[in-house]
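Residues per chain, in single letters:
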Amino acid sequence: VNERDRMLTGIFQRGLGLGPEREDELWARFAARLQGEVAWVAFATAMAALIGGLRPALRAGAWPARLGSRA
Amino acid sequence: MRKAMGEFERFYRSHVRLVQALARSRTGEAAAAEDLTQETFLRAWRSFGEVGPLAPPAQRAWLVRTARNLAIDRWRRQQRESQVVADPPPEAWRSELQMDVAAALAELAEADRELVVMRYVEEMNSREIGEVLGVPEGTVRRRLSRCRELLAARLSQWDPAGGAA
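**Student:** What is the right way to read the nonpolar core from this model?
**Tutor:** The nonpolar side chains of a soluble globular protein tend to be buried with one another. Residues F12(A) and L151(B) are the most contacted members of the largest nonpolar core, which totals 31 residues. Considering every element that reaches this core, the biggest residue donor is helix α8 (residues 137-155) of chain B, with six residues. Formed by 20 residues, the second largest nonpolar core is a distinct cluster that contains L26(A), F8(B), Y12(B) and W62(B).

**Student:** Is there a simple way to explain the packing of aromatic side chains in this structure?
**Tutor:** To describe a pair of aromatic rings, you give the distance between the ring centres and the angle between the ring planes. Counted by the stated rule, this structure contains 12 aromatic pairs over all chains. Ring centres of F30(A) and F8(B) lie 5.8 Å apart, and the angle between their planes is 25 degrees; on these two criteria the pair is classed as stacked. Here F8(B) lies in helix α1 (residues 2-27) and F30(A) lies in helix α2 (residues 20-59), a pairing that spans two chains. When the ring of F8(B) is compared with that of W45(B), the centres are 5.3 Å apart and the planes differ by 85 degrees; the resulting orientation is edge-to-face. Linking F8(B) in helix α1 with W45(B) in helix α2 (residues 30-46), this pair joins segments that are 37 residues apart in sequence.

**Student:** Would you mind going over the interface of chain B and chain A with me for this structure?
**Tutor:** The parts lose accessible area when they come together, and the size of an interface is often stated as this lost area. Chain B puts 41 residues into the contact, and the matching count from chain A is 28 residues. Taking both sides of the interface into account, the surface hidden between chain B and chain A amounts to around 3,600 Å²; carbon and sulfur atoms contribute 64%. When the buried surface of chain B facing chain A is broken down by residue, R13(B), Q38(B) and Y120(B) rank first, second and third, together holding 16% of it. Counting across the interface, chain B meets chain A through 10 salt bridges.

**Student:** Which parts of the structure should I look at to understand the packing of α2(A) against α2(B)?
**Tutor:** Between two packed helices, both the angle of their axes relative to each other and the distance between the axes serve to describe the pair. Remark: α2(A) packs on α2(B), axes separated minimally by 11 Å, with the N-to-C direction vectors making an angle of 50 degrees. For the element pair α2(A) / α2(B), the angle class is oblique. With respect to the hand of their crossing, α2(A) and α2(B) are arranged in right-handed fashion. Here R22(A), L26(A), R29(A), F30(A), R33(A), L34(A), E37(A) and V38(A) of α2(A) lie close against α2(B), whose contacting residues are E34(B), Q38(B), E39(B), F41(B), L42(B), W45(B) and R46(B). Residue composition of the contact of α2(A) with α2(B), grouped by class: seven nonpolar, one polar and seven charged.

**Student:** Looking at this structure, how should I read α8(B)?
**Tutor:** Two residues of an α-helix separated by three or four positions point the same way, owing to the 3.6 residues in each turn. Helix length check: α8(B) (19 residues) gives 25 Å between terminal C-alpha atoms against 27 Å at 1.5 Å per residue, within 8%. Every buried residue of α8(B) is accounted for by V140(B), R143(B), L144(B), C147(B), R148(B), L151(B), A152(B) and L155(B). Along the axis of α8(B), the buried residues cluster in a sector spanning 160 degrees; they form a single face. Residues of α8(B) that are exposed and angled more than 90 degrees away from the buried face: R142(B) and A153(B). Looking at the buried side of α8(B), the elements it contacts are α1 (2-16) of chain A together with α5 (96-106), α6 (110-120) and α7 (126-133) of chain B.

**Student:** Explain the confidence of the model for chain B here, please?
**Tutor:** Low-confidence regions, as indicated by low pLDDT, have predicted coordinates that should not be scrutinised in detail. Residue and element names in this part refer to chain B. Summarising the model, chain B shows a mean pLDDT of 85, and 88% of its residues fall at 70 or more. α5 is the least confidently modelled element of chain B, averaging 85 in pLDDT, while helix α3 (residues 48-51) averages 94, the highest of any element. Scored below 50 in pLDDT, residues 88-93 shows 12 contacts in the model against residues more than four places distant or in partner chains. Across the assembled chains, the prediction reports ipTM 0.73 with pTM 0.74.

What counts and how
Residues numbered from 1 in each chain as written. Chains lettered and ligands numbered in written order. Predicted model: local features only at pLDDT ≥ 70, side-chain atom pairs only at ≥ 80, totals over all residues. Heavy atoms only, no water. Core = buried A, V, L, I, M, F, W, Y, C linked by side-chain atoms within 4.5 Å. Buried < 20%, exposed > 50% of the residue type's maximum accessible area, 1.4 Å probe, protein only. Helix = DSSP H or I, 4+ residues; strand = E, 2+ residues; numbered from the N terminus. Phe/Tyr/Trp six-rings, centres within 6.5 Å; stacked < 30°, edge-to-face > 60°. Contact = heavy atoms within 4.5 Å. Buried area = accessible area lost by both parts, 1.4 Å probe. Salt bridge = Lys/Arg side-chain N within 4 Å of Asp/Glu carboxyl O. Axes fitted to C-alpha atoms, helices over the stretch in contact; angles between N-to-C directions. Parallel < 35°, antiparallel > 145°, perpendicular 65-115°, else oblique. Left-handed = near helix turned anticlockwise from the far one by under 90°. Nonpolar A, V, L, I, M, F, W, Y, C, P; charged D, E, K, R; others polar. Expected span 1.5 Å × (residues − 1). Arc of directions from axis to C-beta. pLDDT = per-residue confidence, 0-100.

Right under this line is the structure:
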């Protein structure tokens, strides 16, 4: 059993395993994707805050009034 | 942010071999396996507040469940779109050994494939595998024993020592 386990471990690690270089490649690609995700979340959060801040002003009619006073 | 990335990189590197090998055993194709791996870790990143503090076996269990669900979703999508999965492109398999390992895995039941990957790629013992899959250690041993026979017969030609023991 131990011999077979050793044999299969060797075969599977060569057939399916990741070497350190491949692991680094995978991490680099994943980290780039993650940066995109983080940037997108930051953008969406900022937009939500902006819209959240504008909504009360719009509801109170402050914005159209200001626009009207400029016209 | 940098600290969170550092922590997540440690988490990623601890588990990527397992997730990638499971993905490979499910999709049978390198590019699809990488997509599945990335998607699994992206889910982990989004839930890192929940997954990060778990003990390593529970982290593995979470990743295995997520990868499994994503693979099923992917398969269903392919069925709906009636995309015939053609032979993998030439670059997908780098060697005959990889093809043989994939073919041998394809002969096993889905649940056994996970178990075999955990045992022979990650070198986890029966107790650890049982914890991750939520099955008793004895069941893992019995299933592993059956798989060992099949795989040894199927793959012994790749043994550098010259055959199964």
